[in-house]
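Secondary and tertiary structure notes
Chain by chain, the residues:
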Amino acid sequence: MEQVFLSELITSGAWADRPLAGSLASEGQAMLLALAEDLSRLDGVRVATTWDNRLGPFPLEDVEAEVVESVAESREAFADKCRLSDRTLVIAPELEGQLAQQFQRVIDCGGHWVGSSLGALQLASDKLATFEHLRSRGIPAVPTWTSQKSSPPKGSDRVIWKRRDGAGSVGLEILDAGADPTDQTWIGQPLVRGLPVSVAVLASPAHDLQTSLPVAVQHISPDDRLRYLGGEIPSRIEATGIEAISELAVCAVAAVEGLAGWIGVDLVVPDRAPGAPLVIEINPRLTTSYLGYRQLSRVNLSRWVAWPEQRPGPLEWHDGRVIFTAEGDWQRE
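The notes below deal with the structure included here.

Calculation rules
- All residue numbers here refer to positions counted from 1 along the written sequence of the relevant chain.
- Confidence filtering applies because this is a predicted model: local features only for residues at pLDDT of at least 70, side-chain atom pairs given and counted only at 80 or more, and all residues used for totals across whole chains, interfaces and linings.
- Heavy atoms throughout the structure, all of them, feed into the side-chain values; hydrogens and water do not.
- Definition used for salt bridges: Asp or Glu carboxyl oxygen within 4 Å of a side-chain nitrogen of Lys or Arg.
- Only DSSP runs of H or I covering at least 4 residues are called helices, and only runs of E covering at least 2 are called strands; the numbering of each starts at the N terminus.
- When DSSP locates at least two bridges between a pair of strands, those strands are taken to pair.
- Aromatic pairing here means that ring centres of Phe, Tyr or Trp (its six-membered ring) are within 6.5 Å. Orientation follows from the plane angle: under 30 degrees is stacked, over 60 is edge-to-face, and everything else is tilted.
- The rule is simple: take the accessible area with a 1.4 Å probe, protein chains only, and divide by the maximum for that residue type; under 20% is buried, over 50% is exposed, in between is partly exposed.
- Using a grid of 1 Å spacing that covers the protein atoms alone, one calls a set of points a cavity when a 1.4 Å probe fits there but cannot get out, and a pocket when the set is open and has protein on both sides within 12 Å along at least five of seven lines; lining residues are those with an atom within 4 Å of a point.
- Grid points are joined across faces, edges and corners, and a volume is the space filled by probe spheres set on the points.
- Residue polarity is assigned by list, with Asp, Glu, Lys and Arg as charged and Ala, Val, Leu, Ile, Met, Phe, Trp, Tyr, Cys and Pro as nonpolar; anything else, Gly included, falls into the polar class.
- The convention used is that axes are lines fitted to C-alpha atoms, helices contributing only their stretch in contact, and that angles between N-to-C directions extend from 0 to 180 degrees.
- As used here, the term nonpolar core means buried Ala, Val, Leu, Ile, Met, Phe, Trp, Tyr and Cys residues forming a set that is joined through side-chain atoms within 4.5 Å.
- Contacts are residue-level and defined by heavy atoms, with any inter-residue pair within 4.5 Å sufficient.

1. A few points about the pattern of salt bridges
A side chain with one charge may pair with a side chain of the opposite charge, provided their charged atoms come close. Summed over all chains, the structure comprises 19 salt bridges. A salt bridge links Arg158 to Asp176; its shortest N-O distance comes to 3.6 Å. A residue pair is termed long-range when its members are at least 10 positions apart, and Arg158 in strand β6 (residues 158–162) and Asp176 in strand β7 (residues 172–176) qualify at 18 residues. Close ionic contact of Arg236 with Glu232 constitutes a salt bridge, the shortest N to O distance being 2.9 Å. In the salt-bridge network here, residues are joined through shared partners; they are Glu37, Asp38, Arg41 and Arg294.

2. What to know about the sheet that holds β7
The four strands are arranged β5-β8-β6-β7 in an open sheet whose pairing can be described as antiparallel. Strand pairing shows two members of the sheet lacking a second neighbour, β5 (145–146) and β7, which therefore form its edges. Here β5 runs beside strand β8 (residues 187–190); their pairing, made up of two bridges, is antiparallel. By the bridge assignment, Trp145 is partnered in β8 with Gly188.

3. What about the packing of aromatic side chains?
What the rule picks out here adds up to seven aromatic pairs. For the ring pair Phe5 and Phe78, a centre distance of 5.4 Å and an interplane angle of 70° mean the geometry is edge-to-face. Of this pair, Phe5 sits in strand β1 (residues 2–8) while Phe78 sits in helix α3 (residues 71–84); the two residues are 73 residues apart in sequence, bridging distant segments of the chain. You can call Phe5 buried: its relative accessible area is 0%. When the centroid spacing of 6.3 Å and the interplanar angle of 55° are considered together, the rings of Tyr293 and Trp317 count as tilted.

4. Thoughts on empty space enclosed by the protein
A full pass over the atoms with the stated rule returns one cavity of 30 Å³ or more. As a volume, the largest cavity reaches approximately 130 Å³. Around the largest cavity sit 16 residues that line it, and Leu89, Val90, Val114, Arg285 and Leu286 are the ones nearest its centre. At the level of elements, β4 (87–91) and β13 (261–270) are the ones that each hand at least two residues to the lining of the largest cavity. By residue number, the principal contributor to the lining of the largest cavity is β4, which donates three residues. Within the lining of the largest cavity, the residues separate by chemical class into 12 nonpolar, three polar and one charged.

5. A closer look at the sheet that holds β4
On the basis of which strands lie adjacent, the open sheet formed by four strands has the order β3-β2-β1-β4 and parallel pairing. In this open sheet, the two strands that pair with only one neighbour each are β3 (63–68) and β4. Along the sheet, successive strands turn relative to each other by an average axial angle of 20°, direction set aside. Where β1 and β4 come together, five bridges link them in parallel fashion.

6. Here's the deal with the nonpolar core
Residues Leu6, Leu35, Leu39, Trp262, Leu286, Tyr290 and Tyr293 are the most contacted members of the largest nonpolar core, which totals 40 residues. Looking at this core, the element that brings in the most residues is helix α2 (residues 23–40), giving eight residues. Ala124, Val215, Ile245 and Val256 belong to the second largest nonpolar core, which has 27 residues in total.

7. Quick word on the pairing of strand β11 (residues 216–220)
Pairing geometry for strand β9 (residues 194–204) and β11, over two bridges, is antiparallel. Paired with Ser198 across the two strands is Ala216, which belongs to β11. Relative to strand β12 (residues 228–233), β11 is paired through four bridges, and the arrangement is antiparallel. Looking across to β12, one finds that His219 is bridged to Gly230.

8. Let's talk about the side chain of Ser221
Checked against the element boundaries, Ser221 lands in the loop between β11 and β12. With residues up to four places along the chain from it excluded, the contact list for Ser221 reads Leu226, Arg227 and Leu229.

Here is the structure:
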């Protein structure tokens, strides 16, 4: 029996000293429960996790969940489970370098980290560095700059300002071009009018292989907060457009050495150039789109999330389309 320690930072008790509110908390909880349930269905696998007591009883019977009441208790439980588990899989936002910090905690505890290397985590968690890295390799991406270094590209009438290490819509504002953001350390990207999409890529460094999953259309709130609401998979885009999006996502992941496991790539298909998609960012961790992909898939995707050294496939998909929310509700069309 192999034990997998699955830790979602926000619901694990590590945020016991702050409110469990907002999209990061709700999406984190939905991802944790979905992946824990899928892992527990695998033969020969035991799943362990920690759980903030404010969330009530842990809802999955086949998962060993330790309920914690404080940050200190969460840290102690995290270290114990790292040592006692065969592998540790962490879900955490990039904010304030927290994903990279979790990597170091696993290593310091003597655990077996599952996923991307520290260098890959640090690069992909920095949106400006990611843009510059992709641009240097000829991979088309949405222009990204800091307020101190440069100005918006010509033709940009509105600019999205966000944290360099942002996650979700935390620390985001849309301003007219030329206006200064609230925080001068934020990065700017032009508001590209078009279709927001994402692609999950299974990266297997052991086989030098990146496998793209079906293209998903993102549902984004119509207000200026640009909140992620969920999406639909597969997209209704024409086959030629889907191919271009998938190829670009795979190229972006392959360009960052050390990415492994489930990688989410956010892109936009511009209205003015539908055949020329652009990368917005790379998420070096499980993404909320897993909630939709797991319902579309005929096979248990968690195997390749937790064992990225395995060669993915064959992947099989149900007919039709899955529409899902960021909280995990879904329906099939």
